[in-house]
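Results of the structural survey
Each chain, letter by letter, is given below.
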Amino acid sequence: MCGIVGYAGSQPATPILLQALHALEYRGYDSAGVAIYNAENGGAVTVVKRAGKLANLDDACEGNLTLDGSTGIGHTRWATHGAPTDHNAHPHQGFGGRVTIVHNGIVENYAALRAELQGRGRVFQSETDTETIAHLVEENMAAGASLLESLRAAGARLEGSQAIVAVSADEPGVIAGARIGNAGGLVVGHGDGEMYLASDLAALLPYTRTFTFLSDGQYAHVQADKLTVYEMTGGPIETEAVTVDLDPVAALKGEHPFFMLKEIHEQPQALRDTIASLVSVEPPAMTLDDLRGAKSSFANINRVVLIGMGTSMHSAMLGRTFIEQIAKVTAEVDNASEFRYRMPILDEMTLVVSVSQSGETVDVLEAMAVAKRAGAIQVTICNTPGAQTTRVADGTLYTRAGPERGVASTKCFTAQVVALYTLALGIAEARGVISADDLANRITDLVRLPDLVASQLADMSIYERAAEEFKDTAHMLFLGRGSGFPIAMEGALKMKEVSYIHAEGYAAGEMKHGPIALIDKTCPTVVIATRHGMRSKVISNMEQVESRGGRVLAIVSEGDEEIAKVAQVTISVPDCGPDMEPVLATIPLQAIAYYTAVARGCDVDHPRNLAKTVTVE
Ligand code: M6R
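Notes on the structure in this doc start here.

The contact between helix α13 (residues 436–456) and helix α18 (residues 581–599) brings their axes to 10 Å, and the two run at 25°. One element, α13, and the other, α18, form an angle in the roughly parallel class. As for how α13 packs across α18, the hand of that crossing is right-handed. In this structure, α13 contributes Leu449, Leu452, Val453 and Gln456 to the contact, and α18 contributes Val583, Leu584, Ile587 and Pro588. A class-by-class count of the residues in the contact of α13 with α18 yields 7 nonpolar, 1 polar and no charged.

With that settled, the discussion passes to the site of the ligand. Not every one of the 14 residues close to the ligand is listed here, only the nearest: Ser312, Ser356, Ser358, Thr361 and Glu497. Between an oxygen atom of the ligand and a main-chain N or O atom of Gln357, the distance comes to 2.7 Å. A distance of 2.7 Å separates an oxygen atom of the ligand from a polar side-chain atom of Ser358. Considered on its own, the ligand offers 410 Å² of accessible surface; in the complex 91% of this is hidden by protein. Going through the elements one at a time, α8 (310–327) and α15 (484–499) are the ones with two or more residues in the shell around the ligand. The residue makeup of the shell around the ligand, split by class, is 4 nonpolar, 8 polar and 2 charged.

The next point concerns the packing of aromatic side chains. A full pass over the atoms with the stated rule returns 6 aromatic pairs. On the numbers, 6.4 Å between centres and 40° between planes, the contact of Phe211 with Phe213 is tilted. Like Phe211, the residue Phe213 is buried in the burial classification. With a centroid separation of 6.2 Å and 70° between ring planes, the pair formed by Phe258 and Tyr594 is classed as edge-to-face. With Phe258 in the loop between β14 (242–243) and α6 (259–265) and Tyr594 in helix α18, this residue pair connects regions lying 336 residues apart in the sequence. Here Phe258 and Tyr594 have matching classes, each one buried. Here the aromatic cluster, defined as three or more aromatic residues joined through ring pairs, consists of Tyr7, Tyr196 and Tyr207. Over the ring of Phe124 we find Arg114, and its NZ or CZ is 4.3 Å from the ring centre.

Now for helix α10 (residues 362–373). An α-helical turn contains 3.6 residues, so any two residues separated by three or four positions project in the same direction. For α10, which comprises 12 residues, the first-to-last C-alpha distance of 17 Å matches the rise-based estimate of 16 Å (1.5 Å per residue) to within 8%. In this structure, the buried side of α10 is in contact with β8 (175–180), β17 (303–308), α9 (336–339), β19 (350–356), β20 (377–382) and α11 (388–392). Two residues or fewer after α10 comes Gly375, characterised by a positive phi angle close to 85°.

Another point: the sheet that holds strand β24 (residues 525–529). Spatial ordering of the open sheet is given by β23-β22-β24-β25-β26, a layout of 5 strands whose pairing is parallel. Both outer strands of the open sheet, β23 (502–507) and β26 (569–573), are each paired with one neighbouring strand and no more. Direction aside, the axes of adjacent strands within the sheet are offset by 20° on average. Strand direction decides the pairing type here: strand β25 (residues 552–557) and β26, joined by 5 bridges, are parallel. Each bridged residue has a counterpart across the sheet, and for Val556 the counterpart in β26 is Ser572.

About the thresholds
Residues numbered from 1 in each chain as written. Predicted model: local features only at pLDDT ≥ 70, side-chain atom pairs only at ≥ 80, totals over all residues. Heavy atoms only, no water. Axes fitted to C-alpha atoms, helices over the stretch in contact; angles between N-to-C directions. Helix = DSSP H or I, 4+ residues; strand = E, 2+ residues; numbered from the N terminus. Parallel < 35°, antiparallel > 145°, perpendicular 65-115°, else oblique. Left-handed = near helix turned anticlockwise from the far one by under 90°. Contact = heavy atoms within 4.5 Å. Nonpolar A, V, L, I, M, F, W, Y, C, P; charged D, E, K, R; others polar. Near = heavy atom within 4 Å. Polar contact = N/O pair within 3.5 Å; in protein donor to acceptor, adjacent residues only side chain to side chain. Areas by Shrake-Rupley, 256 points an atom, 1.4 Å probe, with all protein chains shown as cover. Phe/Tyr/Trp six-rings, centres within 6.5 Å; stacked < 30°, edge-to-face > 60°. Buried < 20%, exposed > 50% of the residue type's maximum accessible area, 1.4 Å probe, protein only. Lys NZ or Arg CZ within 6 Å of the ring centre and 35° of its normal. Expected span 1.5 Å × (residues − 1). Pairing = 2+ DSSP bridges.

Structure (structure tokens):
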């Protein structure tokens with residue numbers, strides 16, 4: 001969950017590292033640090049690190065001449081072992097200060113390693129698991145091994161998944177990197193006579209668009225003009241650098257106060273780009289180009305299992321409905337972290353569809369490993385070119401939402417829903433269960449979606465006013481039925497993530513089985529009551545809330561006057577067919593969560609305790 005960076009070149013490293021850390025701050029923001037090799041400073045590596053937001057580190061680095069070097073590493077932390085303090089912040093150094101490392105992941109056997117190292121007289125400066133790695137690498141170097149060899153030997157001793165980047169005062173100009181397991185990406189960016197490392201490529205877009213992605217078990221020896229990749233043992237291996245077509249400006253906040261608001265507004269374009277990459281309009285047809293060989297297996301599958309976490313699981317829930325209703329295949333959805341441990345029954349007739357914005361979520365990757373061992377066919381929905389999920393799956397459907405920096409996912413959710421919809425259409429076509437006319441009509445309707453979403457974003461004051469109405473509440477319920485149920489879950493997740501209001505999403509039919517006990521005038525209920533979301537059933541839920549003194553905010557279809565009589569606040573969404581109605585119902589919930597958080601003075605882009613990409617269990 002932490003963000004790690006490295007730079008080797010001829011420019012001053014510190015400003016580059018700090019800028020990249022700002023781009024990675026969404027991954028963790030409780031402390032940060034940099035380490036720079038400075039030949040002028042006695043050939044030492046200088047470490048500067050500070051608890052708190054990255055701005056504290058910026059201040060500490062300002063004018064610090066000992067940071068005047070052109071090789072360095074940096075880190076922004078999401079604490080796992082040890083409180084977020086200056087001394088627990090990364091980078092960490094080995095016992096003699098000759099090895100300095102930054103790390104993302106968890107050393108599961110750190111207690112045993114720490115005791116072993118202490119037994120050899122090593123004194124620890126922090127409570128972190130990371131420091132054990134620094135001591136191990138330094139011991140190996142002290143015995144005569146190179147930095148890369150020392151990191152490989154230390155890596156072999158670590159249990160769990162890790163990404164590690166290391167520098168040593170004994171090897172000026174060299175950075176060693178390791179990716180062990182699925183604990184988060186490590187990508188090498190190729191510049192002109194300079195090289196970069198980072199947890200994800202978006203942090204490096206201002207500098208390069210050419211990247212080498214490290215896979216599980218790969219080690220990188222990085223110098224300004226050369227990258228050499230190794231596996232755990234043996235000599236150098238061949239890797240391929242890829243050039244990505246991403247816009248660095250898209251990763252900036254621009255005029256918006258928060259990334260979340262910017263990304264809410266980017267949805268029409270994100271949807272347009274995603275749709276254009278998955279279907280063609282003249283004449284209407286499926287393309288699904290990135291599916292590679294996976295497409296040819298669709299005719300033979302007898303079951304689909306969709307997996308994801310958080311928001312991506314909510315889109316997977318909608319994907320299940322699309323696949324059952326359109327492609328007529330049995331489909332189920334599971335939380336990837338549960339799926340991976342419950343010994344699921346899978347075979348080569350099962351299609352496993354993983355959904356992950358980052359493509360680096362550890363639970364999703366581990367669940368995919370389970371599916372791979374069982375021989376299932378795998379398709380992944382991902383927003384990050386080259387991410388690990390795309391390299392494990394047999395085929396990928398990319399969402400083209402551009403970099404998403406807000407911790408609360410918005411544009412990637414709606415883009416995922418569209419991608420899952422086209423996947424269902426593609427499976428239906430391959431199985432011969434959809435007529436050419438039906439397919440063409442659905443594609444034509446889908447292409448209207450971005451404009452409908454744009455119309456919803458034209459006047460944000462509606463959502464701001466609704467947020468004002470509910471901002472002082474401590475608890476909220478979100479209810480929906482049918483395709484409104486995942487949207488209720490998603491609305492509740494958005495609200496709790498950014499505003500810290502305790503919010504629960506339920507299937508509306510569940511209300512009478514327990515949640516109704518919570519209803520009183522202090523606990524408002526948000527109801528998804530759009531035309532195709534089993535509206536009449538949901539209206540009776542609203543009446544039950546009302547009769548117990550509860551306030552209701554209803555998301556309704558345009559022109560629905562009846563619901564206004566029951567709800568205190570109604571927000572209407574454009575009328576459309578059933579398939580894309582959940583996307584339209586989501587937009588107000590995202591915006592209301594955003595404005596509620598702003599009204600409550602929350603730091604929308606850096607919600608407490610969260611990280612954008614969850615790479616530890
Ligand atoms: O990168 P992924 O889509 O795999 O991430 C999954 C979840 O961690 C993510 O959706 C999380 O729930 C977001 N913070 C939701 O806004």
